[in-house]
Amino acid sequence: ELPPSEFMQVADSTWLVLSFVSNGREPPGCQATGVTKIARSVIAPLAEHHVSVLMLSTYQTDFVLVRERDLPVVIHTLAGEFDIYKEEGGEFVPVTCNDMSNGFLKPKTPASPTLHPVQSPQTRFCVLTVAPDTLPAIATMLIDVLFYSHSPPWDAAAGSQDLDSITFFSFSLIEGYISIVMDAETQKRFPSDLLLTSSTGELWRMVRIGGQPLGFDECGIVAQIAEPLAAADISAYYISTFNFDHALVPEEGIAEVIQLLQQRQESGR
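Residues numbered from 1 in each chain as written. Predicted model: local features only at pLDDT ≥ 70, side-chain atom pairs only at ≥ 80, totals over all residues. Heavy atoms only, no water.

1. A closer look at the nonpolar core
In this structure, I43, V64 and Y238 are the most contacted members of the largest nonpolar core, which totals 40 residues. For this core, the element with the most residues is helix α5 (residues 221-231), which contributes 7 residues. Non-local contacts of Y238, meaning those with residues more than four positions away in its chain, are made with V35, M55, L56, S57, I209, I221, V222, I225, D245, H246 and A247. Formed by 14 residues, the second largest nonpolar core is a distinct cluster that contains V130, I138, I180 and A184. (Core = buried A, V, L, I, M, F, W, Y, C linked by side-chain atoms within 4.5 Å. Buried < 20%, exposed > 50% of the residue type's maximum accessible area, 1.4 Å probe, protein only. Helix = DSSP H or I, 4+ residues; strand = E, 2+ residues; numbered from the N terminus. Contact = heavy atoms within 4.5 Å.)

2. As for the confidence of the model for the chain
As a note on interpretation, predicted positions should not be read in detail where pLDDT is low. Averaged over all residues, the pLDDT of the chain is 84; the fraction at 70 or higher stands at 83%. Ignoring residues within four places in sequence, the model shows residues 153-160, a span with pLDDT below 50, making 2 contacts including any to other chains. (pLDDT = per-residue confidence, 0-100.)

3. Thoughts on the pairing of strand β8 (residues 170-174)
The side chains of a regular strand alternate, first on one face of the sheet and then on the other. Note: β8 against strand β9 (residues 177-183), 5 bridges, orientation antiparallel. Paired with S172 across the two strands is S179, which belongs to β9. Linking two consecutive strands that pair antiparallel, namely β8 and β9, is a turn of 2 residues; a positive phi of about 50° is found at E175 within it. (Pairing = 2+ DSSP bridges.)

4. Some thoughts on the packing of aromatic side chains
Per the stated rule, a full pass over the model turns up 5 aromatic pairs. Between W15 and F216, the ring centres sit 6.0 Å apart and the planes meet at 65°, which makes this aromatic pair edge-to-face. Of this pair, W15 sits in strand β1 (residues 15-19) while F216 sits in the loop between β10 (204-209) and α5; the two residues are 201 residues apart in sequence, bridging distant segments of the chain. The residues W15 and F216 share a single accessibility class, namely buried. Centroid distance F216 to F242: 5.2 Å. Interplanar angle 80°. Geometry classified as edge-to-face. In this pair, F216 sits in the loop between β10 and α5 while F242 sits in the loop between β11 (237-240) and β12 (245-250), placing the two residues 26 residues apart along the sequence. (Phe/Tyr/Trp six-rings, centres within 6.5 Å; stacked < 30°, edge-to-face > 60°.)

5. Section: a nonpolar patch on the surface
Residues I143, L146, F147, Y148, F171 and L173 make up a contiguous nonpolar surface patch of about 630 Å² in total accessible area. Take the nonpolar patch: its biggest share by element is 3 residues, from helix α3 (residues 135-147). Note on placement: L173 falls in strand β8. Judged by relative accessible area, L173 falls into the exposed class, the value being 52%. (Patch = residues over 30% accessible without salt bridge, like charges linked within 9 Å, V, L, I, M, F, W, Y side chains within 5 Å. Areas by Shrake-Rupley, 256 points an atom, 1.4 Å probe, with all protein chains shown as cover. Salt bridge = Lys/Arg side-chain N within 4 Å of Asp/Glu carboxyl O.)

6. Digging into the pairing of strand β3 (residues 62-67)
Within β3, 5 of the 6 residues are buried, which leaves the element mostly enclosed by the surrounding structure. With 5 bridges connecting them, strand β2 (residues 53-57) and β3 associate as antiparallel partners. By the bridge assignment for β3, M55 is matched with V64.

7. Section: helix α2 (residues 71-78)
α2 sits mainly inside the fold: 7 of its 8 residues count as buried. Among all positions of α2, only L71, P72, V73, V74, I75, T77 and L78 are buried. Buried-residue contacts for α2 involve β1, α1 (39-48), β3, β4 (84-88) and β5 (91-95).

In structure tokens:
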């Protein structure tokens, strides 16, 4: 419904959403949440089969977006680990490999993925949710933050932002559930009694992936971050955007995360 505009870029591919529901069979002692919880069972296998993914963590759960044309490969890759269902008319119907065999080609062995640079701004972030019935009470503030506050110049070059004070605000509304990521200073502008967070109220630090816009054809970008963090049992809240990928990790673990990712960079050279 959006009018065509020279200012709006649209990716060529159509994407489908995969959501993952636990069946209670995680190994004992598995504490990591977010993208690291599905790193070994979803992210790594899809990267190995040369499937490009977009990752969207929310306050409640995590979603993986895959290109529609890759769906047969996705089904064949994940069917051994998951019971897979598709939604039809509001009902969930089982999917088997045979259902998706049309057009399936065994993927070629991909080349070694590019190890993108990672940067960590000093900004501290909050991961929050809001009860839907209280959303109108903060609507004006949301509009101000999204469209008017901290707006970069239109002619600013991509990647020119000072990473010591990165501007990042994420708002998602999925099936009635609201998730917000904002920096700690911006949070102070909102009524504290309407923003809900975990009982620990922990703050998060960001790792931004990519020195320039990443595009959508490359695979293994999410795996580059998720696999080493999963091995260290570190939770990560991951958000892919049109230009860059972002992983948020608990503030107290940022030094260990940077060290792990630097080691990954050096070993890949």
